[in-house]
Amino acid sequence: MPDPVLQVEDLCVSFTSGGVTADVVRDLSVRLDGGRTLAVVGESGSGKTITGRAIMRLLPRGASARGRIVVAGREMLSADERELRRARGSDVAMVFQDSMSALSPYLDIGAHIAQAVRLHDPSVTRRAARARAVEMLDRVGIPEPAGAVRRFPHEFSGGMRQRAVIAMALVNRPALLIADEPTTALDVTVQAQILALLRELQREYGMAMLLISHDFGVVGRAADDVLVLYAGRQAEYGSLRDIFEQPAHPYTAGLRAATPRLDARLDTGGERTRLRAIPGAPTSLRDAGPGCAFAPRCGLADQVGERCVVEAPLPTVRPTSEGGGPHLAACHLDRLPALKEVAR
Amino acid sequence: MIVYIARRMVTAVFMLLAIAFVTIALFFGASKDPARAMCGKPCPPETRAKVSAYMQTDQSAVWQYTEFVKGLFVGRTYGEGAQQVHCDAPCFGYSFPNRSDVTTLIAERLPVTLSLAFGAAVLCLVVGIGLGALSAIRKGGIVDRFSTGFAMFGLSVPTFLVGLLVLQVFGFMLNALPYSGFVSFSESPTDWAWHLIGPWMVLSFILAAGYIRVTRTQLLNELSADHLVAMTARGASTRQVNRHAVRGVMVPVVAMFALDVTALLGGSVIAEKVFSLHGLGDLLLSGVNESDLSIVVGVTLFSAFLIIVGNLIADLLMPLLDPRIRRA
Ligand SMILES: Nc1ncnc2c1ncn2[C@@H]1O[C@H](COP(=O)(O)OP(=O)(O)OP(=O)(O)O)[C@@H](O)[C@H]1O
Ligand code: SF4
Ligand SMILES: [Mg+2]
């Protein structure tokens, strides 16, 4: 087996404020090979962005990460500033959740891309770097790239901006791309185009992609494997097929029940399913008790009984379909009953 | 661009003309008779009427205004025969108490006020931006707590009090600073600065408070902004990121500075009084005291002109600093 591009072991991220430390991500383990896409799904606040930023060691003030993160052979959590700078933007790049605020209002699009080039290869001249920017904008399908490099972020439409941000992230051909909700702000047609573009570039560059999303429809269209996060914990992990066809966690099953068909992957427009289809308010790890974080919203907790409230379930191995990778779910139930009864 | 500047200039001229009119009207509404002061101690009514006619202060405000505007283009002549005085083409009026035309008076006083305002501006920008930036970078640290207190104090204390305090502490108690007088820059740059340190401190003390606050807030915003996180994600170092963050601070600072040109000139009036400097502010005050219309109008217009130019420069600078402001 080749070395994975991304390996995360027992990742915990905690925030400290006013002397109080609280975990927002706990015991996360992930393995991602080149050329493959792992989707990270979960409700707002479940820790998707924090996980992505922990991988790049880009945590906000007050946050700290424990565990082990290896990106393209580099230990990220023990790396020093210089090593981190070398890794960021070159081994691993990120497409941020909000393309408008992720671009500097004071620089034109070309300057952003040229900066990414020159930060990693100072021997490239300004002029050559801007020429690279034009090439890259052309590659991501921006019309008239020679003029577009001179435009400013606010002069771009949302879809164009997203393409530009992708160009910026991929200009140094990273081994790993972390795409944080790359299509959320876009309308359905553009969304499909951007997803197709990402898939195409991924094939071309052979890179691994961590696709963060809260849209099960997007996941169905783009992912190879899926990690379902609930309140900062791994609820379920498995191949797209296993997650869609034989979910083992009630939360996943609830999401699945609200998503029409696996072949949603093929239809570009139409019905999309957001994760809020499950009733009840999402819990954060902060106010979770000792038991299963999903218990307050789980329709099956009654069947299991007290165990759900007193003991946190650990991920255990579940049946896999042919050719699928590992399938893990963190639930005390060994088998789920028919899908319909799962969500309350 | 050129069209834009031209249009702004035309607007400015009309604005200045309006300001002149308002000043003249106010002067006539509120002032005592200017001829009174000029005609000497025993002042029989007929002498006074003559003086009044000679100074042309016996005419209505509207007449004054038209004469003033005319004077701007063709100059102005007061009195007749031996007593005749002439004031050349851009004539902003003639000051009888000073026996000089206002343009000359302003030109005489300008170096003092400019030195005062320029030095204070530099000092307040350096101190304000410096302290603000340090406060933001080490939020909650010693510098931050000190400058927050400093800003609070600076924003709430009146100028004259600070002036007297500085005068007291440095001038008298420490015997360190000269507490009055002005030495021109060309004469001796060190003496020039030495004599102005007191007023500079007073003026910048008050204005710096605003810059500390704006710089701190804006830099804190910038430092946690997504686009700087994204820049780090591209592989930039903390130094490079911080340098870029400064871009975002420049815009509000320039906007604020444009407004502060007014405060700087206003503050100069007080600082000049406190430190016995003979600048424009002092000229204006003497003009008011002596009911000297020409000086009041001249200095007011000139200050308004400086303010308008300051704002124009800021408006031209802003789009260069922030592309989002560029053309609508
Ligand atoms: N700067 C911060 N200080 C304290 N807590 C934070 C901070 N940023 C995020 N969190 C907490 O971390 C948790 C995970 O946040 P994260 O941004 O990763 O969520 P997300 O899954 O990306 O949600 P969304 O779909 O809204 O983007 C949240 O519960 C949030 O309250
Ligand atoms: S452990 Fe219990 S509460 Fe948690 S998901 Fe499974 S059945 Fe529901
Ligand atoms: Mg997020």
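Keep in mind the model is a prediction, meaning the values are calculated, not measured.

About the thresholds
Residues numbered from 1 in each chain as written. Chains lettered and ligands numbered in written order. Predicted model: local features only at pLDDT ≥ 70, side-chain atom pairs only at ≥ 80, totals over all residues. Heavy atoms only, no water. Donors = N, O, S within 2.8 Å, 3.2 Å for Na, K, Ca; no water. Helix = DSSP H or I, 4+ residues; strand = E, 2+ residues; numbered from the N terminus. pLDDT = per-residue confidence, 0-100. Buried < 20%, exposed > 50% of the residue type's maximum accessible area, 1.4 Å probe, protein only. Near = heavy atom within 4 Å. Polar contact = N/O pair within 3.5 Å; in protein donor to acceptor, adjacent residues only side chain to side chain. Areas by Shrake-Rupley, 256 points an atom, 1.4 Å probe, with all protein chains shown as cover. Nonpolar A, V, L, I, M, F, W, Y, C, P; charged D, E, K, R; others polar.

### Structural notes on the coordination of the magnesium ion (ligand 3)
Within the protein, T49 of chain A (OG1) and Q97 of chain A (OE1) serve as the donor atoms for the magnesium ion (ligand 3), at 1.9 to 2.4 Å. One end of the pair, T49 of chain A, is in helix α1 (residues 48-55); the other, Q97 of chain A, is in the loop between β6 (92-95) and α3 (109-120), and 48 residues separate them in sequence.

### Quick notes on the confidence of the model for chain B
Any residue range with low pLDDT should be treated as having predicted coordinates unsuitable for detailed reading. All names here are of chain B. Across chain B, the average pLDDT comes to 82, with 90% of residues at or above 70. Element-level mean pLDDT values for chain B span from 68 in helix α2 (residues 34-38) up to 94 in helix α9 (residues 226-233). Predicted complex metrics record ipTM = 0.87 and pTM = 0.79.

### Points about unusual backbone geometry
All names here are of chain A. Phi is positive for E181, which is not a glycine, with a value near 45°. Here E181 lies in the loop between β7 (176-180) and α7 (188-205). Taking relative accessible area as the criterion, E181 reaches 3% and is therefore assigned buried. The backbone phi angle of A231 is positive, close to 50°, even though this residue is not glycine. For A231, the position within the fold is in the loop between β9 (225-230) and β10 (233-239).

### Some remarks on the site of ligand 1
All names here are of chain A. The full set close to ligand 1 counts 15 residues, and S44, G45, T49, I50 and Q97 are the nearest of them. Here G47 contributes a backbone N or O atom positioned 3.1 Å from an oxygen atom of ligand 1. Against a free-state accessible area of 640 Å², the protein chains account for coverage of 68% of ligand 1. Looking at which element gives the most residues to the shell around ligand 1, the answer is α1, with three residues. Here the residues of the shell around ligand 1 sort into four nonpolar, seven polar and four charged.

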